[in-house]
Amino acid sequence: MTPSLRTAHACRAACALLLASAACAAAWHPWLAAAGLGAAAVFAHRAARAGTEHRRRVALARQAELLARPAGPVPVAAPRPCCAFWLLGDGRAHAEECAGARHRPAPSRRQPALPSGSSGRMKVRS
């Protein structure tokens, strides 16, 4: 809890107390209620400003924490495509003669591997 959040809580409590006293004062004299409402508005404004300051301080602390952490491992670059089937095959296994075929998993039973020479596109019969 930052000091700004404590200030925001205290101002909200004072605002609630002033609103309650303004409601009670309205029964006796409306001018007393107006003064209480004005003071409550000042405390509400201060509570909003303190809440904003709290969120700013928390964000700066998180940013400083992230910057203080050591850098993670270097990301591994994706391998270069070895054939057109890699680009168009949606991750399915390559043809047998492809150099990247030995690094890919076996084809699933639902998606049979396409024969070599096919581009993976469906032919439309007319």
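Heads up: these notes are all about the structure in this document.

The rules we used
Residues numbered from 1 in each chain as written. Predicted model: local features only at pLDDT ≥ 70, side-chain atom pairs only at ≥ 80, totals over all residues. Heavy atoms only, no water. Helix = DSSP H or I, 4+ residues; strand = E, 2+ residues; numbered from the N terminus. Contact = heavy atoms within 4.5 Å. Areas by Shrake-Rupley, 256 points an atom, 1.4 Å probe, with all protein chains shown as cover. Expected span 1.5 Å × (residues − 1). Buried < 20%, exposed > 50% of the residue type's maximum accessible area, 1.4 Å probe, protein only. Axes fitted to C-alpha atoms, helices over the stretch in contact; angles between N-to-C directions. Parallel < 35°, antiparallel > 145°, perpendicular 65-115°, else oblique. Left-handed = near helix turned anticlockwise from the far one by under 90°. Nonpolar A, V, L, I, M, F, W, Y, C, P; charged D, E, K, R; others polar.

Examining the overall build of the protein chain
Inference 1: Counting its regular elements, the protein chain contains three helices and zero strands.
Inference 2: From first element to last, N terminus to C terminus, the protein chain shows the α and β order α-α-α.
Inference 3: Considering only intrachain contacts with a sequence separation of at least 6, the fraction spanning at least 24 residues in the protein chain is 38%.
Inference 4: Accessible area of the protein chain: about 10,400 Å², with a carbon and sulfur share of 62%.

A short note on helix α1 (residues 3-28)
Inference 1: For α1, spanning 26 residues, the distance from its first C-alpha to its last is 38 Å, which sits close to the expected 38 Å at 1.5 Å a residue.
Inference 2: For α1, every residue scored as buried is listed here: Ser-4, Leu-5, Ala-8, Cys-11, Cys-15, Ala-22 and Ala-25.
Inference 3: Buried residues belonging to α1 abut α2 (30-68).

Some details on α2
Inference 1: With 39 residues, α2 ought to run about 57 Å at 1.5 Å a step, and its terminal C-alpha atoms sit 57 Å apart, in line with that.
Inference 2: When α2 is considered as a whole, its buried residues turn out to be Ala-33, Gly-36, Ala-40, Ala-47, Ala-50, Gly-51 and His-54.
Inference 3: As for α2, its buried residues are in contact with α1.

Overview of the packing of α1 against α2
Describing two packed helices takes the angle between their axes plus the distance from one axis to the other.
Inference 1: Contact geometry for α1 and α2: axes closest at 7 Å, N-to-C directions at 165 degrees. When the interaxial angle is binned, α1 and α2 end up roughly antiparallel. Taken as a pair, α1 and α2 cross one another with a handedness that is left-handed.
Inference 2: The residue inventory of the contact of α1 with α2, partitioned by class, reads 22 nonpolar, five polar and four charged.

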